[in-house]
Amino acid sequence: MSRVLLVGATGFIGRHVRARAAAAGVDVVPAGRTPELGGLTLDLAERAGPVADALRDVAPDAVVNCAGATRGDPADLVRGNAVAVANLVAALTASGVEARLVHLGSAAEYGDVPRGVPVSEATPPRPVSAYGVTKLAGTELVRAAAGDGLDAVVLRVFNPIGPGAPESTLAGRLAAELRGAAGRDDAEDIRVGSLAASRDLIDVREVADAVLAAVRADGPLPPVLNVGSGRATPLRDLAAELVRVTGSARRVLEAAAGSERSAGVGWQQADVRAAGRALGWKPATDLTTSLRDLWAETSWPGR
């Protein structure tokens, strides 16, 4: 694969995909609703026609969709996670461009699963949030298109962490609050929602490597592949390790409302063997490295 149209190139995962692909010599054409200088302005949720035109102009060998909505009301989530994917699939079909679609799904599609049983791609998805429902809708649209002959794969990404993690994530929020209080003696404790759950935490650079492997893989791929660490990490361990890494004296207290996206899901761990077989990909970054690199990139106040 020599040219990739990367939608959502300025997002958390997208910017790492762009960096990894560029380092591997891949010609990346970035696109998004608010693209960086030199990229394409492209809103998948508007209409399929302009997307098809962009595909013809760029003539990519692969399209990577890192765009999507993580917050908002149900209408916003439907627009960003289902309508946008429907338009992209329609545009790929109408354009006549022969490009592989690598679409990023979410572990939220699985919903609550039995504790202690790794989640495989054969696990029936039962999302418990509007976010998970709309991400599953996008996945099913891609699966249906693949069944009709489109070269496409969905990478179901579990919980990405690492450099640039946004404050909408637990690790990103904790890092930002710890940084904001650095050097202050009067800093208050950090209050978060319940940390009783366990999650599969995967370094965002490992996710980018899986995306690149899917772009470059020979032959057809399975319709859905899990991308995770293969480990279930208690969120309390994540918080404690980040505090340790930063050397902060602040405490993290479970005394606030939790994330709606995570409500009702007590435990998740990905079975990533299928991705290993199909992509030759294996995660190796440990939690401490991910958190150290997140902390190193978290902005100091005023910087």
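Numbering of residues starts from 1 in each chain and follows the order in which that chain's sequence is written. Totals for whole chains, interfaces and linings use every residue, but because this is a predicted model, local features are given only for residues with pLDDT of at least 70 and side-chain atom pairs only at 80 or more, for both listing and counting. The side-chain quantities take in all heavy atoms of the structure and omit both hydrogens and water.

1. Description of the overall build of the protein
A tally of regular secondary structure across the protein gives nine helices and 13 strands. Relative to a compact globule of 303 residues, whose C-alpha radius of gyration would be 19 Å, the protein shows 19 Å and is just as compact. Principal-axis analysis of the C-alpha atoms gives the protein an extent of 60 × 45 × 40 Å. Counting only residues that meet the buried cut, the protein has 50% of its 303 residues in that class. Note on contacts: a residue pair is in contact if any heavy atoms of the two residues lie within 4.5 Å. Taking as baseline every contact in the protein between residues at least 6 positions apart, the subset at least 24 positions apart corresponds to 81%. The Shrake-Rupley method, run with a 1.4 Å probe, gives the accessible areas here. Residue values count only the displayed protein chains as cover. Entry remark: accessible area of the protein is about 13,600 Å², with carbon and sulfur atoms responsible for 49%. Side chains of the protein carry 33 positive and 35 negative charges; the gap between the two charge centres is 3 Å. Secondary structure is summarised from DSSP: a helix means a run of H or I of at least four residues, a strand means a run of E of at least two, and numbering begins at the N terminus for each. The quantity called the radius of gyration is restricted to C-alpha atoms. Its globule counterpart is 2.2 Å times the number of residues to the power 0.38. Any residue under 20% of the maximum accessible area for its type is buried, any over 50% is exposed, and the rest in between are partly exposed; the area is computed with a 1.4 Å probe on protein chains only. In this charge count, Lys and Arg are treated as positive and Asp and Glu as negative; neither His nor the chain ends contribute. Charge positions are represented by NZ for Lys, CZ for Arg, CG for Asp and CD for Glu.

2. Describing the sheet that holds strand E2 (residues 27–32)
Two strands in a sheet stick together by hydrogen bonds in their backbones, pointing the same way (parallel) or opposite ways (antiparallel). We call two strands paired when DSSP finds no fewer than two bridges between them. The strand order E3-E2-E1-E4-E5-E6-E11 describes an open sheet built from seven strands, whose pairing is parallel. Each of the sheet's edge strands pairs with one partner strand only, and the pair in question is strand E3 (40–41) and strand E11 (224–227). Bridge analysis of strand E4 (residues 62–65) against strand E5 (residues 100–106) gives four bridges, and the strand direction is parallel. Considered in E5, the bridge of valine 64 is made with valine 102. Sheet contacts for helix H1 (residues 12–23): strand E1 (3–7), E2, E5 and strand E6 (152–157); angle to E2, the most-contacted strand, approximately 165°. In this description, a line fitted to the C-alpha atoms serves as the axis of each element, helices being fitted only across the stretch in contact, and the angle between N-to-C directions of two axes falls anywhere from 0 to 180 degrees.

3. Description of the side chain of threonine 233
By the secondary structure assignment, threonine 233 is in strand E12 (residues 233–234). Residue class for threonine 233 comes out buried when judged on its relative accessible area of 14%. Discounting residues that sit within four places of it in the chain, threonine 233 has contacts with Ala197, Ser198, Arg199, Leu201, Leu238 and Leu287.

4. Side note on the packing of helix H5 (residues 170–180) against helix H7 (residues 235–246)
For the pair H5 and H7, interaxial distance at closest approach is 11 Å and the crossing angle is 30°. One way to sum up the angle between H5 and H7 is to call them roughly parallel. The handedness of the crossing between H5 and H7 comes out as right-handed. Across from Leu170, Ala171, Leu174, Ala175 and Leu178 in H5, the residues of H7 making contact are Leu235, Leu238, Ala239, Leu242, Val243 and Thr246. Gly is placed with the polar residues, together with every amino acid not listed as nonpolar (Ala, Val, Leu, Ile, Met, Phe, Trp, Tyr, Cys and Pro) or charged (Asp, Glu, Lys and Arg). Its residues assigned to classes, the contact of H5 with H7 shows ten nonpolar, one polar and no charged. Any angle between 65 and 115 degrees counts as roughly perpendicular, while under 35 counts as roughly parallel, over 145 as roughly antiparallel, and the rest as oblique. Left-handed describes a crossing whose near helix is turned anticlockwise from the far helix through less than a right angle; right-handed describes the clockwise counterpart.

5. A look at the packing of aromatic side chains
Two aromatic rings, drawn from Phe, Tyr or Trp (for Trp, its six-membered ring), form a pair once their centres lie within 6.5 Å of each other, and the interplanar angle then sorts them: stacked below 30 degrees, edge-to-face above 60, tilted otherwise. Within this structure, the stated rule accounts for one aromatic pair. Sitting over the ring of tyrosine 110, arginine 156 keeps its end group 4.6 Å from the ring centre. A ring is scored as having a charge over it whenever the NZ atom of a lysine or the CZ atom of an arginine sits within 6 Å of its centre and within 35 degrees of its normal. A cation sits over an aromatic face here: arginine 179 above tryptophan 295, 3.7 Å from the ring centre.

6. Comments concerning the side chain of arginine 205
One can find arginine 205 in helix H6 (residues 204–216). A residue is classified by how much of its surface remains accessible, and arginine 205, at 18% relative accessible area, is buried. Definition of a polar contact: a pair of N or O atoms within 3.5 Å, with one able to donate and the other able to accept a hydrogen when the atoms are protein atoms, and with sequence-neighbouring residues admitted only if both atoms are side-chain atoms. Here the side chain of arginine 205 touches aspartate 203 through a polar contact of 2.8 Å, side chain to side chain. Not counting chain neighbours up to four residues away, the residues in contact with arginine 205 comprise His16, Arg20, Pro163, Thr285, Thr289, Ser290 and Asp293.

7. Notes on the pairing of E5
Most of E5 is tucked away, with seven of its seven residues classed as buried. Burial of the side chains of E5 extends over both faces: Arg100, Val102, Leu104 and Ser106 are buried on one face and Leu101, His103 and Gly105 on the other. Traced from E4 through helix H3 (residues 74–95) to E5, the parallel crossover comes out right-handed. Pairing between E5 and E6: six bridges, direction parallel. Its bridge partner lying in E6, histidine 103 is registered against valine 154. Here is how to tell: hold the view so the strands point away, follow the path from the first strand over the helix to the second, and if it runs clockwise the crossover is right-handed. The parallel pair E5 and E6 is bridged by helix H4 (residues 130–147), and the resulting crossover is right-handed.

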